[in-house]
Amino acid sequence: MNSFNEAIAQAVAATGAFELEQAKKLITVPTDTEHGNFTLPCFVLARSLHKAPKVIAEELAPKIELPSGISKVEAVAGYLNFFIDRKFLAKSILEAVATKGLDYGHADSNGKIVCMDYSSPNIGKELAFHHLRSTMIGNSLARIYKAAGYKVVRINHLGDWGTAFGKLIVMYLREKRPTDQATLDSLTVKELNILYASFSKAAEAEPELEDEARAAFSKLEKGDEFYHQLWLAFRAATLKELMRIYKMMGVDFDYYTGESFYEDKMPAVIQDLETKGLLERSEERDVVKLDEYKLNPCLIRKSDGSTLYATRDLAAAIYRKKEYNFDKCLYVVDLGQALHFKQVKLVLKKMGYDWYDTLVHIPFGVILNLIDGKWEKGKTRTGKAKLLRDVIEAAQQKILDFINQKNPELENKEQIAQQIGISALTFNDLKNHRLMDVKFDWDSALSFEGATGPYVQNAHVRLCSIMRKAGYDVNLQDVDFDQLSDDAAYELIKLLAQKSEKIRKACETDEPCELAQYSLDIAGAAHKFIHDDRVLGSAEEKSRLFLVKCTQIVLEDVLVLLGLFPVRNM
RNA sequence: GCGAAUGUGGCGUAACUGGAUAGCGCAACUGGCUACGAACCAGUAGGUUGCAGGUUCGAGUCCUGCCACUCGCACCA
């Protein structure tokens, strides 16, 4: 579609009325299909030519030499509307899809490297439902960046270090739990979760427990062997469950380098800060002041000498730059941490790292639950947050009930129900702008109709079903493109043509919702096409079957880019 | 108090980055299966885009000021 834009801009520029760059910038796709495929508003010329825009457009239209593929130009109300030749479009797009397959619309490698830090849950707690956001936005962005030509390094920056472990250790010992190796090896994350919750509860009555926890972490950080052993066991127990859920959700990482990984890399960073004269003593803590940016100081070391979140993120950023030499490093973390990333970036800047600006925080809104008629943020500390595995299970069950009712003979239905269920939850999370809070309620998240994962999956399934029933494969040579120029087919082909720009835009804006909305558009147009245009047994069977095939290919890949599991049967 | 995010029919939201009559989904009402999968399609009704100014040929979109809701702001991550 970009080539059309370019060609039209050149044709318009050839008349002398517009500069090439100016025309390129002004040409857009009109909202109303009545107004053609591309439109060029002529209002900007009104002043210099001292003519009404309407007149300018009317005079210009006949002078334009139409580029190939453009069938006509109309002057309406000051706009020049260009119409694509349907047959030309069908041929060029379907040829491209058939040749490139799932890779159609993907960019060639641009030689750039992007690190992505996402999911990054805390060890010692079960994955709560709200962890879905960072996990699935990051997972989708990783796939989108790859399709846009980047080399992607996927990092799970596990929260496996910090005061939380002090809390767990304090509580574990306080409850006098056995500490032999066999018991430690059999620990489950569920037990840790309970332990964590009971700490929070106990600390309400005895605030001094917080100090004990800080002291315990400090001891751990200083290398206490026994505490280290406990820590290892806590970490292993959580990781096991974590991997199970990631596998189920189709989420992958290249590295599980958590915060503990940077433990031995922090002294050098602190030394560096000291050498550069940035470290200051303030209220018994070591900080880097950011007064010149009107920000609170960035805390580097607590009064007991142990490190903080920011210290570890500094070490991590420096390590990643050295190890992966990224062009860009994304942090898919909720909006509430915007200040933290601002501080970390500015400290890196003060340290003289000119790449500080290539760290990009990709913020997103929180998940809200309807509690007593009000939208509220889910909380892990009270232990009240919905567990991700429970939500997935509920989704799977609901879909399974539906399958049993609609299609009881389906093979593998448990697995398919799980895939559709996870897809539904994921889609619900990705379909709108990241920064919007996600208002979660069971009915709409697990709904089957309208703008949902199942709706898109259903379109894919129906396309697959038609191909299966046809019983043979069609090729490009079998197609008569004149038979694909009716409205339903044309609207669908127009959408297929947009794949590469949708990927590019999703990547530029870091918004998976670009592709989610795109998948809805394709699904809608596909449903309409197979509703309006009978495929099997019609005179246009082969041509239409070919469009079905191409649509299925495009839709499948878009679903994969979103991190869904495209199913062929449901 | 300072900073950030959001505000679009009853509800949930989109609008190709400043373009034409603000698009879609739930919910409501209506029509379409002896039909390639009806988890679908089509239609009706529902809007002063939070408020007030400003910028210009043109503003949901940009600027200023309010209002509402949410989140952050020193030893949690």
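Keep in mind that this is a model prediction, so the values were computed, not measured.

I'd like to hear about the nonpolar core, residue by residue, with values.
Core analysis: the largest hydrophobic core is formed by 142 residues, its most contacted members being Leu-80 and Phe-82. Mapping this core onto the domain boundaries places at least three of its residues in each of domain 1 (2–84) and domain 2 (162–235). If we ignore the near neighbours within four places in the chain, the residues touching Leu-80 are Phe-38, Thr-39, Leu-40, Cys-42, Ala-57, Leu-60, Ala-61, Ile-64, Val-73, Glu-74 and Ala-75. Among the nonpolar cores identified, the runner-up in size contains 37 residues, and Cys-115, Ile-270, Ala-315 and Ala-317 belong to it.

Please provide a residue-by-residue account of the domain arrangement of chain A, values included.
Partitioning chain A into domains gives domain 1 (2–84) and domain 2 (162–235). Computed over C-alpha atoms, the centres of domain 1 and domain 2 are 69 Å apart.

How would you summarise the protein's contact with RNA strand B if you had to cite specific residues and measurements?
Taken together, 68 residues surround RNA strand B, and among them Asn-296, Lys-302, Lys-406, Asn-458 and Ile-530 come closest. Each atom of RNA strand B within 4 Å of the protein belongs either to a base or to sugar and phosphate, the latter forming 60%. One nitrogen or oxygen atom from the main chain of Tyr-309 is found 3.5 Å from a phosphate oxygen belonging to RNA strand B. A per-element tally of the surface near RNA strand B places helix 18 (residues 453–470) first, with 8 residues. Considering only residue class, the surface near RNA strand B consists of 27 nonpolar, 23 polar and 18 charged.

Could you give an account of the pattern of salt bridges, naming the residues involved and the relevant values?
Under the definition given, this model contains 38 salt bridges. With its nearest N and O atoms 3.2 Å apart, the salt bridge here joins Lys-54 to Glu-58. Residue Lys-54 and its partner Glu-58 are located together in helix 4 (residues 53–60), separated by 4 residues, close to a single helical turn. Relative accessible area serves as the criterion here: at 47%, Lys-54 is assigned to the partly exposed category. Two residues, Glu-95 and Lys-91, come together in a salt bridge whose shortest N-O distance is 3.0 Å. On the criterion of helical spacing, the pair formed by Glu-95 and Lys-91 is a turn pair, its members being 4 residues apart in helix 5 (residues 86–100). The structure contains a network of salt bridges with shared partners spanning Glu-126, Glu-241, Arg-244, Arg-389 and Asp-390.

Which residues make up the packing of helix 21 (residues 513–532) against helix 22 (residues 541–562), and what values go with them?
Across the interface, helix 21 lies against helix 22 with an axial gap of 10 Å and an inter-helix angle of 155°. For the element pair helix 21 / helix 22, the angle class is roughly antiparallel. Here helix 21 runs over helix 22; the crossing is left-handed. Listed contacts from helix 22 to Leu-515, Ala-516, Tyr-518, Ser-519, Ile-522, Ala-526, Phe-529 and Ile-530 of helix 21 are Arg-544, Leu-547, Val-548, Thr-551, Val-554, Leu-555, Val-558, Leu-559, Leu-561 and Leu-562. Across the contact of helix 21 with helix 22, the residue classes tally to 15 nonpolar, 2 polar and 1 charged.

Before we move on, could you go through the packing of helix 18 against helix 21 and cite the residues and values that matter?
Where helix 18 meets helix 21, the axes come as close as 9 Å, and the angle between the chain directions of the two elements is 45°. Taken as axis vectors, helix 18 and helix 21 run oblique relative to one another. Like other packed secondary-structure pairs, helix 18 and helix 21 cross with a definite hand, here left-handed. Across the interface between the two elements, Tyr-455, Val-456, Asn-458, Ala-459, Arg-462, Leu-463 and Ile-466 of helix 18 pack against Ser-519, Leu-520, Ala-523, Gly-524, Ala-526, His-527 and Ile-530 of helix 21.

What counts as what
Residues numbered from 1 in each chain as written. Chains lettered and ligands numbered in written order. Predicted model: local features only at pLDDT ≥ 70, side-chain atom pairs only at ≥ 80, totals over all residues. Heavy atoms only, no water. Core = buried A, V, L, I, M, F, W, Y, C linked by side-chain atoms within 4.5 Å. Buried < 20%, exposed > 50% of the residue type's maximum accessible area, 1.4 Å probe, protein only. Domains from an automatic or database assignment. Contact = heavy atoms within 4.5 Å. Near = heavy atom within 4 Å. Polar contact = N/O pair within 3.5 Å; in protein donor to acceptor, adjacent residues only side chain to side chain. Helix = DSSP H or I, 4+ residues; strand = E, 2+ residues; numbered from the N terminus. Nonpolar A, V, L, I, M, F, W, Y, C, P; charged D, E, K, R; others polar. Salt bridge = Lys/Arg side-chain N within 4 Å of Asp/Glu carboxyl O. Axes fitted to C-alpha atoms, helices over the stretch in contact; angles between N-to-C directions. Parallel < 35°, antiparallel > 145°, perpendicular 65-115°, else oblique. Left-handed = near helix turned anticlockwise from the far one by under 90°.

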